[in-house]
Amino acid sequence: MQNKGFVRLFAILLALVSAYQLSFTFVTRNIEEDAAAYAQGDQMKEYTYLDSMGSVVVYDLGIVDYTYRECKSLELNLGLDLKGGMNVMLEVSVPDIVKALANNSNDETFVKAMAQAKAELKNSQKDFITLFADAFQTIDPGARMAAVFNTLELKDKISYTTSNEDVIKIIRAEAKDAIDNSFLVLRTRIDRFGVAQPNIQKVGLESSGRILVELPGVKDVKRVRSLLQGTANLEFWETYEYSEVYSNMLEANNIIREINEAKAVLEKAAETVEGTVEETEPADAVTETAKDEFADLLGDSAMQDSASVANQMNFEKANPLFAVLYPNLTSDRQNVQRGPVVGIAHYKDTATVNKYLSLPQVKAVMPRDLDFKWTSKAFDEKEEMFQLLAIKITSRDGRAPLDGDAIADARADFGQNQASNAEVDLSMTADGAKVWARLTGENEGRSIAIVLDNYVRSFPTVNEKITGGRSQITGNFTVEEAKDLANVLKSGKMPAPAHIMTEDVVGPSLGQEAIDSGLFSFIIAFIVVLLYMIFYYGVIAGLVADTALIANLFFIMGVLASFGAVLTLPGIAGIILTIGTSVDANVLIYERIREELKAGKGIKKAIADGYNNAFSAIIDANVTTFLTGFILYTFGTGPIKGFATTLMIGIATSFFTAIFLTRIIFEQILKKDRELKFDTSITRKWFEKTAINFIGKRKIFYAISSVIVLLGIVSLLLRGMDQGIDFTGGRTYVVRFDETVSTVDVQNALKEAFNGDIPDVKTFGDDNQVRIGTNYEIDNEDPEIDDKIEALMYEGLKDKFPLGNSLEDFKDNHIMSSQKVGPTIADDIKKDAVWAILFSLIVIFMYILIRFRNWQYSLGAIVALGHDVLITMGIFSVFYSIMPFSMEIGQSFIAAILTVIGYSINDTVVVFDRIRERIGLYPKRDREVVINRALNSTLSRTLSTSLSTFVVLLTVFLFGGEVIRGFIFALIVGVVVGTYSSLFVATPVAYDTQRLTSKKKE
């Protein structure tokens, strides 16, 4: 072999780099074990220990040393499914960006175009700005966008003469800048969040506004949601004193009473006409819960007064506004309280209050510069009552006199008189300090409302003019709340809201179980492959192949660590599959060497020719599989990218170890004149005299394949497939109970909790663990909706099943993982999946056409691949309701299909390569005879590779855990069907099309 010195040097360098990169992982693991031993189960102690080690040098290499934090950043990353944590796909709202650029214009054409573009966005491949431009042009062809977008912010870029095409270009550029700014803001927030090895990246088209965030090990999911979705729109508002608007509130109460009375009269008249008069309760009566809360807050005398009023005229009917918004009065109810708080309401009644205050008749009696805002935190210990403040609008454009742009710095601190209360200390810019000084000087003795994202965080009273630009935000913050608020303010505000489109949360317990099951299956599968090679090819040859496999595994892990790639559970499956298929290169070489030995060549010559003759087939097989991995990486996200990454790295390293490393080892063995054999007494005669008439019996196999494919298609049309939330949108939760549960009982309990929406409930692994899927409220974009659904789930289940002693206990210890996919993302995933499969088929067709210069081979390969995909999908369609494991169709299934395509084409290419070689050697012999002999000669290699891969996958299927069982089952089906199609579909189709072409030429 030429360039042996270079190969040795490269192998040594690769081994050293791999060892160096993996050494950081061993260092951090040792420190974390020490932390766990020190903490004895106390998570806070463990966190404190590791935090104290952050800047301590723990790895000294002499030339350079590394702190624990630096080692942590260089260790082999574990994915969320192994470590636990949170994976979020955010989408910055482009419609909100466009709306802001138009300064919330009420132009009729603009409003209609925005609504139409939003409606079309769900089912279109175009981006929102393109849809908006098309809709604007369609609604009013003569309308000019410049009239809408010639705002103060864009006055230097858009004039009244700017064309619509140029306006769209400017909007697109501004939207891109806003998305880029959102990305930077999010990255800054996450960097300060304190999560080890966070990952944030843009995904999809620039104009989509989608950002992927991965936070390994994070546990406080609610905190993360709040941090990621908060726009950080900080505002400082002047306020009204309640005494200044009290008379207006009384008048509003009277107007609402008159409206309700008129409405009641009309309803009663309508019922009288229909002859169905029924006595009904007032629609807006105050709840008993609210009455109790008011009594607790203001004393029993208040409710006694209410009762005396009720004796005369019914308190709720006479005072509909004050029944849901209790006025902020002194305890004797004789005077209004000082300050801007106009009333207190139960959280269930805030929507009713908002409805009342937004009535046109009510607005007409209020000052034009009056607005109302709720406090962000509850007023009472039960956290159910909220305060409503009177805000004074003093600017012509309706904006706050001071906003977040004035903040230069923000940090969490503790107030001087509130040692247990955290606050946020603000430093303002020079311009901000001037405005702040004026604002506080004009409002001495009054309150300034500090508003974040449209909710009042605090409303301190100004004692004196504040100069120097220093101030504080207080509001009963916890330390973490103060840190997060300071983080958000310091990193800047989001130009538009970022909505969570997909969310995947894996609890640490489930992550640890995935590690345990994944490693166990990995070790067993690896041992099986090592033993098989020794069994089939003898001790020495088998050990050489095993050495290459072990080196391959070491190199894969080292390269993963070097690239900063993430190892996921599908990634482990990818490594296992790589090991199984990397056997193929060794098998190809060994089978060629055996053929050369049978031809009478000496061992040195046989080895040299064996490597040379196998090289072409190995190249073709590896390139086609690598292309499949590349397509997976391009179209996949999250764990699918992890699988594709390990697959591609594994193909590259296995090629090096099988072709070059084993060759050097054999040459060293030959120098010592040791006897070499490539078989054993048991396997020596295997496949020697096989003479299967593959071509002659092709019509039988055509019929068998046609029947199986047809049955699958019928099932697909009639039954369909069990589509997961990746394709339908929705939420799934893996919930672990303390005892065995019935899926029917869980489903019935949740059906009631979800207002009649029937969830999908399946056993997931053990009998005390279920997977719950639901589409309930999936279109609701309320930032709090995820927490509300988890609370509903807890309320529905807690009375029938023991689920801990609180909602927090349920979330922390019983929800093992959760996943959310919005409907828009689900549609995109389906489209990407279709494109991924089609693109992979096109790429493979073109590669085979280039390599074999014969379109019939390409056609045979594509027909075989279509055959494999349809049969795999058909089996999943037929058996998804029968098998005792999940056979949902999602991104993992698409990854499995593409892997099947890669494996099948690998096998087909090897067969085609042998056929091409035989035809080249015997061009005048009968084509059917030559092809049959070529197929029989590859049978040993085909079955050896397929059997070893099958055994590996079966081991993972049995021991690898529930999370990837459906994924592995698809691969098992694909290996079996792919092996069959290479022999009985791809080659016969190529043969028949070649015959037809020859007849036409004649």
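Along each chain, numbering runs from 1 in the same order as the chain's sequence is written. Predicted model: local features are reported for residues with pLDDT of at least 70 only, side-chain atom pairs are reported and counted for 80 or more only, and whole-chain, interface and lining totals are derived from all residues. Think of the side-chain values as coming from all heavy atoms in the structure, minus any hydrogens and water.

Asker: Quick question: what am I supposed to make of the overall build of the protein here?
Answerer: A count of helices and strands for the protein gives 35 helices and 23 strands. Exposure classes here rest on a 1.4 Å probe applied to the protein chains alone. A residue is buried below 20% of its type maximum, exposed above 50%, and partly exposed in between. Within the protein, the fraction of its 1002 residues that count as buried is 52%. Partitioning the intrachain contacts of the protein with sequence separation of at least 6 by distance along the chain shows that 74% fall at a separation of at least 24. For the protein, the exposed surface amounts to about 46600 Å²; the carbon and sulfur share of it is 55%. Strands here mean DSSP runs of E at least two residues long; helices mean DSSP runs of H or I at least four residues long; both are numbered from the N terminus. Every residue pair with non-hydrogen atoms within 4.5 Å of one another is taken to be in contact. Residue-level accessible areas treat just the shown protein chains as cover; the underlying method is Shrake-Rupley with a 1.4 Å probe.

Asker: Explanation requested: the packing of aromatic side chains in the structure shown.
Answerer: The description of two aromatic rings rests on the distance between their centres and on the angle between their planes. Any two of the Phe, Tyr and Trp rings considered here, Trp counted by its six-membered ring, make a pair once their centres fall within 6.5 Å; the pair's planes then place it as stacked at under 30 degrees, edge-to-face at over 60, or tilted in between. Applying the stated rule across the entire model yields 27 aromatic pairs. Residues phenylalanine 132 and phenylalanine 149 carry aromatic rings whose centres are separated by 6.2 Å and whose planes lie at 85° to one another, so their mutual orientation is edge-to-face. Of this pair, phenylalanine 132 sits in helix H7 (residues 128-139) while phenylalanine 149 is found in helix H8 (residues 146-149), placing the two residues 17 residues apart along the sequence. On the numbers, 5.4 Å between centres and 85° between planes, the contact of tyrosine 242 with tyrosine 246 is edge-to-face. Of this pair, tyrosine 242 and tyrosine 246 both sit in helix H11 (residues 242-274), separated by four residues, roughly a single helical turn. Judged by its relative accessible area of 0%, tyrosine 242 falls in the buried class. What links up through ring pairs into an aromatic cluster is the set Phe10, Phe554, Phe555, Phe615, Phe655, Phe656 and Phe660. Lying over the aromatic face of tyrosine 240, lysine 392 brings its terminal NZ or CZ to 4.9 Å of the ring centre. Charges are assigned to positions over rings by a cutoff of 6 Å between ring centre and Lys NZ or Arg CZ, combined with an angular limit of 35 degrees from the ring normal. Stacked on the ring of tyrosine 880, the Lys or Arg arginine 719 has its end atom at 4.5 Å from the ring centre.

Asker: What exactly am I supposed to notice about the confidence of the model for the protein here?
Answerer: Predicted coordinates in regions of low pLDDT should not be interpreted in detail. Looking at the protein as a whole, its pLDDT mean stands at 78, while 83% of the residues score no less than 70. In predicted models, pLDDT denotes the confidence assigned by the predictor to each residue on a 0 to 100 scale. Overall, residues 276-304 carries pLDDT values under 50, and its contacts beyond four positions in sequence, including any with other chains, amount to 47 contacts.

Asker: Please explain the side chain of threonine 67 as it appears in this structure.
Answerer: With respect to the helices, strands and loops of the structure, threonine 67 is situated in strand S2 (residues 65-67). Residues contacting threonine 67, with those up to four places away along its chain left out, are Gly54, Ser55, Val56, Val57 and Val58.

Asker: Sorry if this is basic, but what is going on with the environment of alanine 390 here?
Answerer: One can find alanine 390 in strand S11 (residues 385-392). The sequence separation of alanine 390 and aspartate 371 amounts to 19 residues, and the corresponding C-alpha distance is 6.0 Å. Dropping the residues within four chain positions of it, alanine 390 is found in contact with Thr239, Tyr240, Val245, Pro340, Val342, Leu370, Asp371 and Phe372.

Asker: Hey, could you run me through the pattern of salt bridges in this one?
Answerer: Should the charged atoms of two oppositely charged side chains come close, the side chains can pair. Definition used for salt bridges: Asp or Glu carboxyl oxygen within 4 Å of a side-chain nitrogen of Lys or Arg. Taken as a whole and assessed by the stated rule, the structure comprises 22 salt bridges. Here glutamate 32 and lysine 72 are joined by a salt bridge, their closest N and O atoms 2.4 Å apart. Of this pair, glutamate 32 sits in helix H1 (residues 4-39) while lysine 72 sits in helix H3 (residues 68-74), and the two are 40 residues apart along the sequence. According to the relative accessible area criterion, lysine 72 is buried, its value standing at 11%. The closest approach of N and O atoms between glutamate 261 and arginine 257, which form a salt bridge, is 3.9 Å.

Asker: How do you make sense of helix H33 (residues 927-937) when you look at a structure like this?
Answerer: An α-helical turn contains 3.6 residues, so a residue and the one three or four places further along point in the same direction. Those residues of H33 lying buried are Val930, Ile931, Asn932, Ala934, Leu935, Asn936 and Ser937. Of the residues that open H33, the one with a side-chain oxygen 3.2 Å from the backbone nitrogen of glutamate 928 is aspartate 926. Here a polar contact is recorded for every N or O atom pair within 3.5 Å, except that within protein the pair must consist of a potential hydrogen donor and a potential acceptor, and residues adjacent in sequence are included only if both atoms are side-chain atoms.

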